[in-house]
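Residue strings, one per chain:
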Amino acid sequence: MDFRCLFLNDVPLMDVRAPVEFEKGSFLSAVNFPLMNDEERHQVGICYKERGQDAAIELGNELVQGDLKVARLKEWTSFCDSHPNEGYLFCFRGGLRSNFVQRWIEEETGVRYPLVTGGYKAMRTFLIEELDRSLNLISPLELVAVCGRYLSFLDVYLSSRMLLSL
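Residues numbered from 1 in each chain as written. Predicted model: local features only at pLDDT ≥ 70, side-chain atom pairs only at ≥ 80, totals over all residues. Heavy atoms only, no water.

Chemist: Give me the lowdown on the side chain of R17, citing residues and values where you can.
Modeler: Within the secondary structure layout, R17 lies in the loop between β1 (13–15) and α2 (19–24). Within the structure, R17 has its side chain in polar contact with the side chain of D15 (distance 2.7 Å). Excluding its chain neighbours within four sequence positions, the residues that come into contact with R17 are F22, G25, S26, N32, P34, F90, C91, F92, R97 and Y120. (Helix = DSSP H or I, 4+ residues; strand = E, 2+ residues; numbered from the N terminus. Polar contact = N/O pair within 3.5 Å; in protein donor to acceptor, adjacent residues only side chain to side chain. Contact = heavy atoms within 4.5 Å.)

Have a look at this one:
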């Protein structure tokens, strides 16, 4: 997967993580159309810890069904219709949640909407590694000029490495 291309071309991204995850961090070209809301995610997480993956998947399917599933499918398919040949969807690691959404979209529309390999975690890791590499090549002031619209991510990154005081 060419993450550089995704970011440099502002490829539309559908983030299917819960709102609480999206609010903690996502990407400028991403919109949040979650598979589960925060409470549903919390319930599934507890179930996963107590009874395992199969029980958590079963609970997730019970929570997201009927009219609720139809409403979420409408959001997802609307996004796909708006970005038919250019967008991607992702969850945290490119696993269960994004695969469920991808499969449900395909069942509804016949279109297999593409996934970001490795999800949010892989894209975030790519950006951090690119920033590390760039810091070794150019001065921080040049880096700010190059990154421009990714400045808030850069601020957080540099402050976390104590290279910039906010």
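Chemist: Outline the packing of helix α3 (residues 38–51) against helix α4 (residues 53–63), supporting the account with residue identities and numerical values.
Modeler: One way to put it is that α3 packs onto α4 with a least axis distance of 7 Å and a crossing angle of 155°. By the angle between their directions, the pair α3 and α4 is classed as roughly antiparallel. The hand of the α3/α4 crossing is right-handed. For the pair formed by α3 and α4, the contact residues are E40, Q43, V44, C47, Y48 and R51 on the first element and Q53, A55, A56, L59, G60 and L63 on the second. Looking at side-chain class alone, the contact of α3 with α4 contains 7 nonpolar, 3 polar and 2 charged residues. (Axes fitted to C-alpha atoms, helices over the stretch in contact; angles between N-to-C directions. Parallel < 35°, antiparallel > 145°, perpendicular 65-115°, else oblique. Left-handed = near helix turned anticlockwise from the far one by under 90°. Nonpolar A, V, L, I, M, F, W, Y, C, P; charged D, E, K, R; others polar.)

Chemist: A description of the packing of aromatic side chains should follow, citing residues and the corresponding values.
Modeler: Both the distance between ring centres and the angle between the ring planes are used here to describe each pair of aromatic rings. Within the structure shown, the criterion is met by 10 aromatic pairs. Here F3 and F126 contribute two aromatic rings whose centre-to-centre distance is 5.8 Å and whose plane-to-plane angle is 45°, an arrangement assigned as tilted. Of this pair, F3 sits in helix α1 (residues 3–8) while F126 sits in helix α7 (residues 119–137), and the two are 123 residues apart along the sequence. The exposure class of F126 is buried, given its relative accessible area of 15%. Measuring from ring centre to ring centre gives 6.2 Å for F7 and F126, while their planes differ by 5°; the resulting arrangement is stacked. Here F126 lies in helix α7 and F7 lies in helix α1, a separation of 119 residues in the sequence. Each residue in the set F3, F7, F27, F90, F92, Y120 and F126 is aromatic and connected to the rest through ring pairs, giving one cluster. When the ring centre of Y120 is taken as origin, the NZ or CZ atom of R17, which lies over that ring, is 4.2 Å away. Sitting over the ring of W104, K69 keeps its end group 4.1 Å from the ring centre. (Phe/Tyr/Trp six-rings, centres within 6.5 Å; stacked < 30°, edge-to-face > 60°. Buried < 20%, exposed > 50% of the residue type's maximum accessible area, 1.4 Å probe, protein only. Lys NZ or Arg CZ within 6 Å of the ring centre and 35° of its normal.)

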